[in-house]
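Structure assessment
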Protein chains: 2
Amino acid sequence: MSEMKISINMLNTNEEIHEENKNLFDEEGIFVINLMSSPGSGKTTILEKLIPKLKQKLNMAVIEGDLYTTKDAQRIESKGVPVVQVNTAGTCYLEGGMVREASLNFDLRELELIIIENVGSIVATAEFEIGEDIKICVLSVTEGNDKPLKYPLMFEKSRAIILNKIDLLTFTDFKVEEFYEDIKSLNNAKIFQTSCITNEGIDELSEWILKQVKEKK
Amino acid sequence: MSEMKISINMLNTNEEIHEENKNLFDEEGIFVINLMSSPGSGKTTILEKLIPKLKQKLNMAVIEGDLYTTKDAQRIESKGVPVVQVNTAGTCYLEGGMVREASLNFDLRELELIIIENVGSIVATAEFEIGEDIKICVLSVTEGNDKPLKYPLMFEKSRAIILNKIDLLTFTDFKVEEFYEDIKSLNNAKIFQTSCITNEGIDELSEWILKQVKEKK
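Residues numbered from 1 in each chain as written. Chains lettered and ligands numbered in written order. Predicted model: local features only at pLDDT ≥ 70, side-chain atom pairs only at ≥ 80, totals over all residues. Heavy atoms only, no water.

Some points on the overall build of chain A
- When helices and strands are counted, chain A shows eight helices and eight strands.
- In terms of overall dimensions, chain A is globule-like: its C-alpha atoms have a radius of gyration of 16 Å, near the 17 Å expected for 217 residues.
- Taken along its principal axes, the extent of the C-alpha atoms in chain A is 45 × 35 × 35 Å.
- Per-residue burial for chain A yields a buried fraction of 61% across its 217 residues.
- Summarising the internal contacts of chain A: among those between residues at least 6 apart in sequence, 75% fall at separations of at least 24.
- Element-wise, carbon and sulfur atoms account for 46% of the exposed surface of chain A, whose accessible area totals about 8800 Å². (Helix = DSSP H or I, 4+ residues; strand = E, 2+ residues; numbered from the N terminus. Rg over C-alpha atoms; globule rule 2.2 N^0.38 Å. Buried < 20%, exposed > 50% of the residue type's maximum accessible area, 1.4 Å probe, protein only. Contact = heavy atoms within 4.5 Å. Areas by Shrake-Rupley, 256 points an atom, 1.4 Å probe, with all protein chains shown as cover.)

Rendered as structure tokens:
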């Protein structure tokens, strides 16, 4: 695992860096996913479940965004894929320049998929494109079904939305139908219902990601 | 309910406005709590539980921070206390100037307690003092016990920490002992375990808040 502590003042705008990153990844034929959610929605646990399935089918790597620690990167590394930790030193989102530097730690010619686990934030992360093909976001049922309308940007920009911790649904007052309706009012994202306890939805999500990677080629 | 949409460029720094707010609230003898957490940890639901208890004992008001909607303020208003909604138009934290403007909607001479429910964010909200006497933060057990070390600032700055959704504890892998140890490594905050389903801990929290208000007088 490589570890980076980043505090960069880039001369280029984030939009320009996004384009440069995107061109680089396109040239190398790498599909890039920007995975976002609030802290604790289950991004890292979902990755722990997905990686064993995905890495059988393609060469992948993970970029882990975090404020200060390397806890998540250690969990991902134990799954046997290349991982780079980016510590933002307090900034609650990843920027394009951080992703660029992190990605140069990989042998890009070998890779077909990079998943970037963004810093836990439902607001700021969605404001920055960082070189990704698509955004995927996670909401757990314990967070409440009011979140898409209260924090619309992340949900609007996501190609797929993972409704996680579905095993806890009966212990909450999460209204699934309202959630689907609210998402529909924002965009036509694909919605997956997942549980990392029962593994519900993990196969379906994994297959969908593999299909997106193939379609880019 | 008053509603404000705010987008201000203040000439004074946030630190100066914090001091001005603090002086104003001190002069009026008002205790002010800045309530913070990730989206979905349960801030509004905890307030719904606390308000009926607190308002029997003192005159209180609530300032509700949110990006765009008035959903939370409507919930608080139905509890029969004055509430002002501040919409930050996308900014993921409240600033001192927003709190100043919001508070001028109340009759401050009548009030003994203002609770400010900050925007849902575990990172940015903790970076701004907004005129409060103390910060209280909420973490729900479904978010994971790794959060205090991953996002230390909010926990470091809080006088009290509410561990919420404790009724769901047995369905999660949340390690309570580790959580207490990690908090202890950051500060000596008072920790409350609460459930808004079983009402566990709500009385204790309410009593503690009343004691803080009294001690200021």
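Things to note about the interface of chain B and chain A
- Facing the 28 residues of chain B at the interface are 28 residues of chain A.
- Of the roughly 2400 Å² buried at the junction of chain B and chain A (both faces included), carbon and sulfur atoms supply 63%.
- At the junction of chain B and chain A, the tally comes to two salt bridges.
- The partner of A:Lys150 in a salt bridge is B:Asp72, with the nearest N and O atoms 2.5 Å apart.
- Inspection of the region where chain B meets chain A yields seven residue pairs in polar contact (both at pLDDT 80 or more).
- When residues of the side of chain B that touches chain A are traced back to their parent elements, those giving at least two are α3 (71-77) and α5 (147-150) of chain B.
- Taken together, the residues of the side of chain B that touches chain A break down into 12 nonpolar, six polar and 10 charged. (Buried area = accessible area lost by both parts, 1.4 Å probe. Salt bridge = Lys/Arg side-chain N within 4 Å of Asp/Glu carboxyl O. Polar contact = N/O pair within 3.5 Å; in protein donor to acceptor, adjacent residues only side chain to side chain. Nonpolar A, V, L, I, M, F, W, Y, C, P; charged D, E, K, R; others polar.)

Examining unusual backbone geometry
- A positive phi angle, near 55 degrees, is found at A:Ala89, a position not held by glycine.
- On the basis of relative accessibility, which here comes to 55%, the residue A:Ala89 falls in the exposed class.

Overview of the pairing of strand β3 (residues 60-66) of chain B
Residues and elements named next belong to chain B.
- Counting buried positions over the seven residues of β3 gives seven, a clear majority of the element.
- Of the two faces of β3, the one holding Met60, Val62, Glu64 and Asp66 and the one holding Ala61, Ile63 and Gly65 are both buried throughout.
- Both β3 and strand β5 (residues 113-117) contribute to a ladder of five bridges, which runs parallel. Residue pairing for β5: Val62 is matched across the bridge by Ile115.
- Strand direction decides the pairing type here: β3 and strand β4 (residues 83-87), joined by five bridges, are parallel. Counterpart to Val62 in the pairing with β4 is Val83.
- Of the crossover connections in this fold, the one passing from β3 over α3 to the parallel β4 is right-handed. (Pairing = 2+ DSSP bridges. Right-handed = clockwise from strand over helix to strand, strands pointing away.)

Examining the side chain of A:Thr69
- Within the fold, A:Thr69 resides in the loop between β3 (60-66) and α3 (71-77).
- Under the relative-accessibility criterion, A:Thr69 is labelled buried at 15%.
- Within the local environment of A:Thr69, its side chain forms a polar contact with the backbone nitrogen of A:Lys71, the two atoms lying 3.4 Å apart.
- The contact partners of A:Thr69, leaving out residues within four places of it in the chain, are A:Gln85, A:Asn87, B:Leu149 and B:Lys150.

A short note on the relation of the copies chain B and chain A
- Once chain B is rotated about the relating axis by 180 degrees and shifted along it by 0.0 Å, it coincides with chain A to within an RMSD of 0.0 Å. Classification of the inter-copy transformation places it as that of a two-fold axis. (Least-squares fit on C-alpha atoms with pLDDT ≥ 70 in both.)

Details of the confidence of the model for chain A
All names here are of chain A.
- Chain-level pLDDT for chain A is 93 on average; 94% of the residues reach the 70-or-more range.
- Confidence drops under a pLDDT of 50 for residues 5-10, and excluding neighbours within four residues, the segment shows 12 contacts in the predicted structure.
- Of the two predicted TM-score estimates for the complex, the pTM is 0.86 and the ipTM is 0.79. (pLDDT = per-residue confidence, 0-100.)

Observations regarding the packing of helix α1 (residues 14-27) of chain A against helix α4 (residues 96-103) of chain A
Residues and elements named next belong to chain A.
- The N-to-C vectors of α1 and α4 enclose an angle of 30 degrees; their axes lie 8 Å apart at closest approach. Regarding the angle of α1 to α4, the classification is roughly parallel. Of the two possible hands of crossing, α1 and α4 adopt the one that is left-handed. Residues Asn14, Ile17, Glu20, Asn21, Leu24 and Phe25 of α1 touch α4, and the partners they reach there are Gly96, Gly97, Val99, Arg100 and Ser103.
- Partitioned by chemical class, the residues of the contact of α1 with α4 number four nonpolar, five polar and two charged. (Axes fitted to C-alpha atoms, helices over the stretch in contact; angles between N-to-C directions. Parallel < 35°, antiparallel > 145°, perpendicular 65-115°, else oblique. Left-handed = near helix turned anticlockwise from the far one by under 90°.)

Concerning the packing of helix α2 (residues 43-54) of chain A against helix α8 (residues 202-216) of chain A
Residue and element names in this part refer to chain A.
- Where α2 meets α8, the axes come as close as 10 Å, and the angle between the chain directions of the two elements is 60 degrees. In terms of axis orientation, α2 runs oblique to α8. In the packing of α2 onto α8, the handedness of the crossing is right-handed. Residues Ile46, Lys49, Leu50, Lys53 and Leu54 of α2 form the contact with α8, whose participating residues are Ile202, Asp203, Leu205, Ser206, Ile209 and Leu210.
- Residue composition of the contact of α2 with α8, by class: seven nonpolar, one polar and three charged.

Overview of α4(A)
- In terms of burial, α4(A) is a largely internal element, six of the eight residues being buried.
- Listed in full, the buried residues belonging to α4(A) are A:Gly96, A:Gly97, A:Met98, A:Val99, A:Ala102 and A:Ser103.

Side note on the side chain of B:Thr142
- Mapped onto the elements, B:Thr142 comes out in the loop between β6 (134-140) and α5.
- Excluding residues that lie within four positions of it along the chain, B:Thr142 makes contacts with A:Gly40, A:Thr142, A:Lys165, A:Leu168, B:Lys165, B:Leu168 and B:Thr172.

So, the packing of aromatic side chains
- Taken as a whole and judged by the stated rule, the model has nine aromatic pairs over all chains.
- Considering the side-chain rings of A:Phe171 and B:Phe171, the 4.0 Å spacing of their centres and the 20 degrees angle between planes classify their relative orientation as stacked. Within this pair, whereas A:Phe171 is found in the loop between β7 (160-164) and α7 (176-186), its partner B:Phe171 is found in the loop between β7 (160-164) and α7 (176-186), the two belonging to separate chains.
- Residue classification places B:Phe171 among the partly exposed residues on the basis of a relative accessible area of 35%.
- With a centroid separation of 5.6 Å and 65 degrees between ring planes, the pair formed by A:Phe192 and A:Trp208 is classed as edge-to-face. (Phe/Tyr/Trp six-rings, centres within 6.5 Å; stacked < 30°, edge-to-face > 60°.)

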